[in-house]
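Notes for the structure review
Listed below, chain by chain, are the residues.
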Amino acid sequence: MRENTIIGFIGTGVMGKSMALNLLKAGYPVHIFTRTHAKAEDLLINGATWEESPKSLAEKANVIITMVGYPSDVEEVYFGEEGIFAGAKPGTYVIDATTSSPKLAKKIAERAKELKMHALDAPVSGGDVGAREARLSIMVGGEEEAFNEMLPIFKTLGTNIVLQGEAGAGQHTKMCNQIAIASGMIGVCEALLYAEKAGLDPNTVLKSIETGAAGSWSLSNYVPRIINGDFSPGFYVKHFIKDMKIALESAEEMGLQVPGLSLAKQLYEELAQMGEENSGTQALYKRLKQ
């Protein structure tokens, strides 16, 4: 741990809470801010310090990590009157772990440079389990020197940490991740539905196919949850829809057709209309079972 590092953490939802807790366990002093105070109670009990605004947090910390919901939240947290840039000091490192817009990541990096700060976009993958067990995959965009300086902190949160390129590259990489998951989740749910319709035991089917060519993280982690009727969020449907919208917009800007992603987005939006927007992404099973 680098001496005199004080971490500010903004956003303590499903994944952010576990990430902040792992930083506390590693011995870092952590100041936190989240819109819902109740979501921070466990962290406060474990030694975190509460701050009343992103600005107040930024005045105390020299490394700030954000893990919020939507690009509009990121914009407000960084550029708002009570935002990070209103309170942070020169030399501060700002790391956005939210899955957000590559364009916004570049905007944050440009403003940080003007203020003599260092910015990295570092979205993560691994869901609630990966966050809890500090096994996240972290995709980073930004300058190599800043990346190397923050590597000990990243290693506290994850195990697969890769610098992908300049500002925005981390977010573009996360879009690749979400595109692969989107079509993959359709396949996972359809395979399970097929097994059930054929009169097979889904658990034994899973044993056969998860270690072969069909194997995937989603297959191994979400099928057991679906079988057990567990549709609680490791990652919210509403946030996945947000990610798919960003990916589609970016793909359109590049003139790229992504029909699998388009279909997945349509199905997940229909799932949200069924009242499942706060369920986990595995709830797609319910839409396809209709």
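Scope of this entry: the structure provided in the associated data block.

The subject of this paragraph is the environment of Pro29. As for its position among the elements, Pro29 is in the loop between helix H1 (16-25) and strand S2 (30-33). Once the C-alpha coordinates of Pro29 and Ala48 are considered, the two residues, 19 residues apart in sequence, prove to be 7.0 Å apart. Apart from the residues within four sequence positions on either side, Pro29 is in contact with Thr5, Ile6 and Ile7.

Pairing of strand S5 (residues 93-96) with strand S6 (residues 118-121), which is carried by four bridges, proceeds in the parallel orientation. Within S6, the residue paired with Tyr93 across the bridge is His118. In this region the chain leaves S5, passes through helix H6 (residues 102-114) and returns to the parallel neighbour S6; the handedness of that crossover is right-handed.

How two aromatic rings sit relative to each other is set out by the distance from centre to centre and by the angle between their planes. Across all of its chains, the model carries eight aromatic pairs by this definition. Plain terms: the ring middles of Trp217 and Tyr222 are 5.5 Å apart, the flat faces sit at 80 degrees to each other, and that makes the pair edge-to-face. Under the relative-accessibility criterion, Tyr222 is labelled buried at 5%. An aromatic cluster is defined as three or more aromatic residues linked by ring pairs; in this entry it consists of Tyr78, Phe79 and Phe85. Above the ring of Phe231, the side-chain terminus of Lys286 is found at 4.5 Å from the ring centroid.

Here is what the cut-offs are and how they apply
Residues numbered from 1 in each chain as written. Predicted model: local features only at pLDDT ≥ 70, side-chain atom pairs only at ≥ 80, totals over all residues. Heavy atoms only, no water. Helix = DSSP H or I, 4+ residues; strand = E, 2+ residues; numbered from the N terminus. Contact = heavy atoms within 4.5 Å. Pairing = 2+ DSSP bridges. Right-handed = clockwise from strand over helix to strand, strands pointing away. Phe/Tyr/Trp six-rings, centres within 6.5 Å; stacked < 30°, edge-to-face > 60°. Buried < 20%, exposed > 50% of the residue type's maximum accessible area, 1.4 Å probe, protein only. Lys NZ or Arg CZ within 6 Å of the ring centre and 35° of its normal.

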